[in-house]
Amino acid sequence: MHTSDPRVAYKDRLQRTRTSAQARTSPMAHPVLLLLLALLLLLTTPAISSSKRTQPRFPAIFYFGDSIFDTGNNNHIPTLGLANHPPYGRDFPGSRPTGRFSNGRLVPDLLNERLQLKEFSPPFLDAGLSDKDIMTGVNFASAGSGFDDRTSRVANTMPLSVQVDLFRDEYLPRLRSISGDKEATRIIASSLMFINSGTNDFTRYYRSSKRRVDIGEYQDSVLQLVHAHVKELYKVGGRQFILAGLPPFGCIPFQITLSGDPERGCVDEQNREAQVYNSKLQKLIPALQGSLRGSRIVYLNAYEAFTQIIDNSNKYGFTETTLGCCGTGLTEVGILCNRFTPICRNVSSYIFYDAVHPTERVYRIATDYIVKNVIPQF
């Protein structure tokens, strides 16, 4: 979709303003009146020099990952991993479900807004994307996916490999057709590639498969995929990356329910697995960055960020930390969380909206953490 050149509209408006002013102003205007007018303009014009408008740190942000980031891509593929129905989106603008697994906005939306790019993070598979959306960054995440292709086969979603293919084979040609090769290269090199994935690999595929691969070996195989995907994005021009570690997924309500613990405590074994993986990822990043000349790769400590929220739940006003707001809060997620499912009265007091995914309030706190601890490293 093409829009009129804003520079032409601005010139037309400026010319009309000048013509109107000339028609109203007498060439013999009294000097005192001119002085008063000048003083009035000084008093009413914002002091631009003392408060310059902050420019976006990145021209665009591209998001890759799972349901924590998916803003609606799964709506456009044949999968049951969907959140395009009530009560999802009840606190989203217009109270409409968009495919986001929450009551409102996700981190990609909130971070885009905080960094002054745009209000939301549009899914790439949305046929209505504008040229401006293409130039300021889109979202490739797919709920139910992972680094491992086998994880996505469980729900027929888009693994990281497919997301990267979409970026390279479909997104980049479209960007070049809009901006030209030189500008497209500049945009990609200056933009942020934000990758958040892995939880489904360990909570869904690894635990449900008939494998007997040691957890340490599987972690290493996933990290090899992380390396491969970042390298591929680097090959097509990406230079700035955020790699998110795993959250304490043993504290997800669904995982607690599966553990059978009547006290509903976090599953310590799973949290330890997440910590070991994160330690390996942190060690991988310097070597990966060193092998990709001119790259900047920053680790997001999602485990720490989420643990802070859980451990300080009272500080943030959360009174329910182990159940989702939807239904019983034990297992309802996706199609099981629907218009016929009861919803909690005070969603702001819940950490989780369904049995897997956080509420918008949690995502806002997480975005604050990212802006404070991660973005300044670029």
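All values reported here derive from a predicted model rather than from experimental measurement. (Residues numbered from 1 in each chain as written. Predicted model: local features only at pLDDT ≥ 70, side-chain atom pairs only at ≥ 80, totals over all residues. Heavy atoms only, no water.)

**Quick notes on the overall build of the chain**
We apply this condition: Segments assigned H or I by DSSP are reported as helices when at least four residues long, segments assigned E as strands when at least two residues long, and all are numbered from the N terminus. For each residue, the accessible area found with a 1.4 Å probe, counting protein chains only, is set against the maximum for its type, and the residue is called buried under 20%, exposed over 50%, and partly exposed in between. Here, two residues are considered to be in contact whenever any of their heavy atoms come within 4.5 Å of each other. Areas reported here follow the Shrake-Rupley algorithm with a probe of radius 1.4 Å; residue values treat only the protein chains shown as occluding.
A tally of helices and strands in the chain yields 14 helices and 6 strands. The buried share of the chain, reckoned over its 378 residues, is 49%. Once local pairs closer than 6 in sequence are excluded, the contacts in the chain between residues at least 24 apart make up 72%. Of the roughly 19,100 Å² of accessible surface on the chain, a fraction of 55% belongs to carbon and sulfur atoms.

**What about the packing of helix H3 (residues 107-114) against helix H14 (residues 360-373)?**
For any two helices packed against each other, the geometry is given by the interaxial angle and the distance between the axes. Condition: Convention adopted: a line fitted to C-alpha atoms gives each axis, helices being fitted over their contacting stretch, and angles between N-to-C directions are expressed from 0 to 180 degrees. An angle below 35 degrees is read as roughly parallel, one above 145 as roughly antiparallel, one from 65 to 115 as roughly perpendicular, and any other as oblique. By convention the crossing between two helices is left-handed if the near helix lies anticlockwise of the far one by an angle smaller than a right angle, and right-handed if it lies clockwise. In this classification, the charged set is Asp, Glu, Lys and Arg, the nonpolar set is Ala, Val, Leu, Ile, Met, Phe, Trp, Tyr, Cys and Pro, and all remaining amino acids, among them Gly, are polar.
The N-to-C vectors of H3 and H14 enclose an angle of 45°; their axes lie 9 Å apart at closest approach. With respect to each other, H3 and H14 are oriented oblique. For the pair H3 and H14, the crossing hand works out as right-handed. Residues Val107, Leu110, Leu111 and Arg114 of H3 form the contact with H14, whose own contacting residues are Glu360, Tyr363, Arg364, Ala366, Thr367, Asp368, Ile370 and Val371. Residue classes in the contact of H3 with H14 are distributed as 7 nonpolar, 1 polar and 4 charged.

**A look at the side chain of arginine 264**
Under the convention used in this document: Charge convention: Lys and Arg are scored as positive, Asp and Glu as negative, and His as well as the terminal groups of each chain are ignored. Take a side-chain nitrogen of Lys or Arg and a carboxyl oxygen of Asp or Glu: if they are within 4 Å of each other, that pair is a salt bridge. Between N or O atoms, a polar contact is any pair within 3.5 Å; within protein, one atom must be a potential hydrogen donor and the other a potential acceptor, and residues adjacent in sequence are included only when both atoms are from side chains.
Mapped onto the elements, arginine 264 comes out in the loop between helix H10 (253-259) and helix H11 (268-291). It turns out arginine 264 is buried and unbridged, and the closest side chain with the opposite charge, glutamate 320, is 6.2 Å from it. Polar contacts involving the side chain of arginine 264 include one to the side chain of threonine 257, which spans 3.2 Å. For arginine 264, the residues in contact, after removing those within four places along its chain, are Pro253, Ile256, Thr257, Thr322, Leu323 and Leu330.

**Focus: the sheet that holds strand S4 (residues 296-300)**
Applicable threshold: When DSSP finds two or more bridges between two strands, those strands count as paired.
If you walk across this open sheet you meet the 4 strands as S1-S2-S3-S4, and the pairing is parallel. Each end of this open sheet is capped by a strand with a single partner; those strands are strand S1 (61-65) and S4. The sheet shows a mean angle of 20° between the axes of neighbouring strands, direction not considered. Pairing geometry for strand S2 (residues 192-196) and strand S3 (residues 240-244), over 4 bridges, is parallel. Across the sheet, the residue bridging to methionine 193 is phenylalanine 241, located in S3.

**A look at the packing of aromatic side chains**
The condition that has to hold: Only centres within 6.5 Å qualify two rings of Phe, Tyr or Trp (six-membered ring in Trp) as a pair; their planes then separate them into stacked at under 30 degrees, edge-to-face at over 60, and tilted for everything else. Charge-over-ring contacts are defined here by two conditions on Lys NZ or Arg CZ: a distance within 6 Å of the ring centre and an angle within 35 degrees of the ring normal.
On inspection of all chains with the given rule, the structure shows 22 aromatic pairs. Ring geometry for phenylalanine 62 versus phenylalanine 167: centroids 5.3 Å apart, planes at 75°, classification edge-to-face. Here phenylalanine 62, found in strand S1, pairs with phenylalanine 167, found in helix H6 (residues 160-179); they are 105 residues apart in sequence, far enough to count as distant. In this structure phenylalanine 62 comes out as buried when scored by relative accessible area, which is 0%. An aromatic cluster is built from Phe62, Phe64, Phe124, Phe140, Phe167 and Tyr171, whose rings are joined through pairwise contacts. For the cation-ring pair, arginine 239 lies above tyrosine 234, with the distance from its terminal atom to the ring centre recorded as 3.8 Å. The ring of phenylalanine 318 is capped by arginine 361, whose NZ or CZ atom sits 4.5 Å from the centre of that ring.

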